[in-house]
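# Close look at the chain arrangement
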Amino acid sequence: MRLNRDLAHIRNRKAEVDEGVVKTVLAILADVKANGESAARKYAKELDGFAGDNLFVDSEEIKTSIRNVGEDFMRILQRACGQITEYHANQLEKSWVMHKTGGVIMGQLVRPLNRVALYVPGGTAAYPSTVLMNAIPARLAGVKEIAVFTPVKSGGKVADVILAAAACCGIENICKIGGAQAVGIAAYGIEGIRKFDKIVGPGNAYVAAAKRAVYGELDIDMVAGPSEVLIIADETANPKYIAADMMSQAEHDKMASAILIATSEKIIEETEKELERQLAYLKRGEIIRESLANYGAAVLAGNLEKAFGIANDIAPEHLEILTKNPLEKLPLVENAGSVFLGENTPEPLGDYMSGTNHVLPTGGTAKFYSPLGVYDFVKYSAYSYYPREALADFKDDVVKFAELEGLDAHGNSIKVRFER
């Protein structure tokens, strides 16, 4: 198949916010805020078909799921947990203190959030990797209470793989409600469930709109858009690998984007042939083909410096560097969610097992957002201690500063401490 040779159609891609979705979401949130559990149950029944008595997974359901997935899948989950834990442990930050002259003490406290909600989609597919990527950094940060929210259908059954992943992360609090109503529970609380400090995790358009709407009531991770990969390739790259990696993102949905920036027209042409060949045996071929037609591209760059310039402007969610000596090219990267170096580090490795987080900024937001990490589950408090003598040294300057800003009560707060 032939890919577009320019990026205009991709640069103009926007995840438009449907006004109908927003209106529906705001109504659901208002109802949950006003009517609590009864409203949440109403929407769970209307939208998902779930009308069970127990909103929460019990311990027997978790044990059954662990048996159902089998020992081999539990081994894989545990291996992934180990990889993700090892990587994210390096993100731990400590409180610090500095001692200055005159007895002044200043510092910063690093404290975990108390309560975090993890949203896990439960629609057409179940993603245990989502549980791991969100829960493990939260656990490492020291979050005291973690709950999973995931939608279920009329049978009231959470997917076995989701419960198995939750068990690997030591999470037992799993609520069988999803959608905007779950976001409302996290933001406002309902009977028996206190509001949370933060909600993280991907979801559909309704979940994304709900997260936008409640930001400020609690924190959110990010509002992620369609998945995307950008591959920089020189003449040494393997077109078979390039095509496979482009399609691994294109299969997510028809809005996904896969871009190749190559320094060789031959590489582009051979990649297009490989796309056609491999599409013939992939189950989600129709989705991939439409995704590549809508938001796929192959652009010829004069050299690698120009290729990286284009990539930095796009700021992709996933950036693959398939060049000779890829590690040497890392300093050229300015904007990217996660970088995959060399032909033996395909992006799907990061989705599941490498250890890096797969919750990443999309739509160019890698210019100012970062991958989900331990730092997303902590908060910082500054502190200072000034003896009287040290305050005396600063008092005149502070008073003058306050007067310049027209805030005489600020200055008075200093002055009264030195009145006789």
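Before any of the text, the structure's been laid out above.
What you see is a predicted model, and the numbers here were worked out from it, not measured in a lab.

## Brief notes about the overall build of the protein chain
- In terms of helices and strands, the protein chain carries 14 helices and 13 strands.
- When its C-alpha atoms are laid out on the principal axes, the protein chain stretches across 90 × 60 × 45 Å.
- Residues counted as buried form 48% of the 420 residues belonging to the protein chain.
- Expressed as a percentage of contacts within the protein chain between residues at least 6 apart in sequence, the contacts between residues at least 24 apart total 76%.
- Roughly 21,100 Å² of accessible area belongs to the protein chain as shown, and the carbon and sulfur atoms make up 52% of that amount.
- Computed over 47 positive and 56 negative side-chain charges, the separation of the two mean positions in the protein chain equals 3 Å.

## Points about the sheet that holds strand 5 (residues 174-175)
- A sheet is described by the order of its strands in space; here five strands give the open sequence 5-4-3-6-7, paired in parallel fashion. The open sheet has two free edges, formed respectively by strand 5 and strand 7 (219-220), since each of these has just one partner strand.
- Examined bridge by bridge, strand 3 (residues 115-119) and strand 6 (residues 198-200) share three bridges and lie parallel to one another. Directly across from valine 116, in strand 6, lies its bridge partner lysine 198.

## Quick look at the nonpolar core
- Membership of the largest hydrophobic core comes to 73 residues, with the highest contact counts inside it found for Leu132, Phe149 and Ile171.
- Once you skip the residues sitting within four places of it in the chain, isoleucine 171 turns out to touch Leu118, Ala135, Arg139, Ile146, Val148 and Ala166.

## A word on the packing of aromatic side chains
- Within this structure, the stated rule accounts for three aromatic pairs.
- Both rings, one in phenylalanine 149 and one in phenylalanine 196, keep their centres 5.8 Å apart while their planes meet at 85 degrees; by these two values the pair is edge-to-face. With phenylalanine 149 in strand 4 (residues 145-149) and phenylalanine 196 in the loop between helix 6 (179-188) and strand 6, the pair connects residues that are 47 residues apart, well separated along the chain.
- Ring plane angle 55 degrees and centroid distance 5.2 Å describe the contact between phenylalanine 368 and tyrosine 369, whose orientation is recorded as tilted.
- Classification of phenylalanine 368 as exposed rests on a relative accessible area of 60%.
- Residue placement shows arginine 115 over the ring face of phenylalanine 196; its charged tip is 4.1 Å from the ring centre.
- The ring of phenylalanine 418 has lysine 395 lying over it, and the distance from NZ or CZ to the ring centre is 5.5 Å.

## Considerations on the sheet that holds strand 8 (residues 228-233)
- Read from one edge to the other, the open sheet built from five strands follows the order 10-9-8-11-12, with strand pairing classed as parallel. In the strand order of this sheet, the two ends are held by strand 10 (296-300) and strand 12 (338-341), each with one partner. Within the sheet, the average angular offset between the axes of one strand and its neighbour, ignoring direction, is 15 degrees.
- Relative to strand 9 (residues 257-262), strand 8 is paired through six bridges, and the arrangement is parallel. Residue pairing for strand 9: glutamate 228 is matched across the bridge by serine 257.
- Its contacts with the sheet place helix 8 (residues 239-250) against strand 8, strand 9, strand 10 and strand 11 (318-322), and it is angled at close to 165 degrees to strand 8.

## Brief notes about the side chain of glutamate 317
- In this fold, glutamate 317 is placed in the loop between helix 11 (304-314) and strand 11.
- On the accessibility criterion, glutamate 317 (8% relative accessible area) is buried.
- If we ignore the near neighbours within four places in the chain, the residues touching glutamate 317 are Pro226, Ser227, Glu228, Gly337, Ser338, Leu360, Pro361 and Thr362.

## Describing the side chain of glutamate 61
- By the secondary structure assignment, glutamate 61 is in helix 3 (residues 59-88).
- A distance of 3.0 Å separates polar atoms of two side chains, one belonging to glutamate 61 and the other to lysine 176.
- Setting aside residues up to four positions removed in sequence, glutamate 61 forms contacts with Phe56, Gly156, Leu163 and Lys176.

## Notes on a nonpolar patch on the surface
- A grouping of Tyr386, Phe394 and Val398 is seen on the molecular surface, where their side chains present a nonpolar patch of about 240 Å² in accessible area.
- Looking at where phenylalanine 394 falls in the secondary structure, it is placed in helix 13 (residues 388-404).

## Remarks on helix 3
- Its 30 residues place the ends of helix 3 only 28 Å apart at the C-alpha level, less than the 44 Å of an ideal helix rising 1.5 Å per residue.
- Along its length, helix 3 shows its largest kink, about 100 degrees, at glycine 70.
- Buried within helix 3 are the following residues: Glu61, Ile62, Ser65, Val69, Met74, Leu77, Ala80, Cys81, Ile84 and His88.
- Buried residues along helix 3 sit in contact with helix 4 (128-141), helix 5 (160-168), strand 5 and helix 12 (347-352).
- In this structure aspartate 58 caps helix 3, since a side-chain oxygen of it lies 3.1 Å from the backbone nitrogen of glutamate 60.

## A closer look at the environment of asparagine 294
- By the element assignment, asparagine 294 lies in helix 10 (residues 285-295).
- When the C-alpha atoms of asparagine 294 and leucine 3 are compared, they prove to be 9.5 Å apart, with 291 residues separating the residues in sequence.
- Ignoring anything within four residues of it in the chain, the contact list for asparagine 294 reads His9 and Lys254.

## Thoughts on the pairing of strand 9
- With six of six residues buried, strand 9 lies mostly within the body of the structure.
- Of the two faces of strand 9, both are covered, the one formed by Ser257, Ile259 and Ile261 as well as the one formed by Ala258, Leu260 and Ala262.
- A crossover connection joins strand 8 to the parallel strand 9 through helix 8; in handedness this β-α-β unit is right-handed.
- Pairing geometry for strand 9 and strand 10, over five bridges, is parallel. When the sheet's bridge partners are listed, alanine 262 is paired in strand 10 with leucine 300.

Criteria and cut-off values
Residues numbered from 1 in each chain as written. Predicted model: local features only at pLDDT ≥ 70, side-chain atom pairs only at ≥ 80, totals over all residues. Heavy atoms only, no water. Helix = DSSP H or I, 4+ residues; strand = E, 2+ residues; numbered from the N terminus. Buried < 20%, exposed > 50% of the residue type's maximum accessible area, 1.4 Å probe, protein only. Contact = heavy atoms within 4.5 Å. Areas by Shrake-Rupley, 256 points an atom, 1.4 Å probe, with all protein chains shown as cover. Lys, Arg positive; Asp, Glu negative; His and termini not counted. Charge placed at Lys NZ, Arg CZ, Asp CG, Glu CD. Pairing = 2+ DSSP bridges. Core = buried A, V, L, I, M, F, W, Y, C linked by side-chain atoms within 4.5 Å. Phe/Tyr/Trp six-rings, centres within 6.5 Å; stacked < 30°, edge-to-face > 60°. Lys NZ or Arg CZ within 6 Å of the ring centre and 35° of its normal. Axes fitted to C-alpha atoms, helices over the stretch in contact; angles between N-to-C directions. Polar contact = N/O pair within 3.5 Å; in protein donor to acceptor, adjacent residues only side chain to side chain. Patch = residues over 30% accessible without salt bridge, like charges linked within 9 Å, V, L, I, M, F, W, Y side chains within 5 Å. Salt bridge = Lys/Arg side-chain N within 4 Å of Asp/Glu carboxyl O. Expected span 1.5 Å × (residues − 1). Bend = angle between axes of the 7 residues up to and from the residue. Right-handed = clockwise from strand over helix to strand, strands pointing away.

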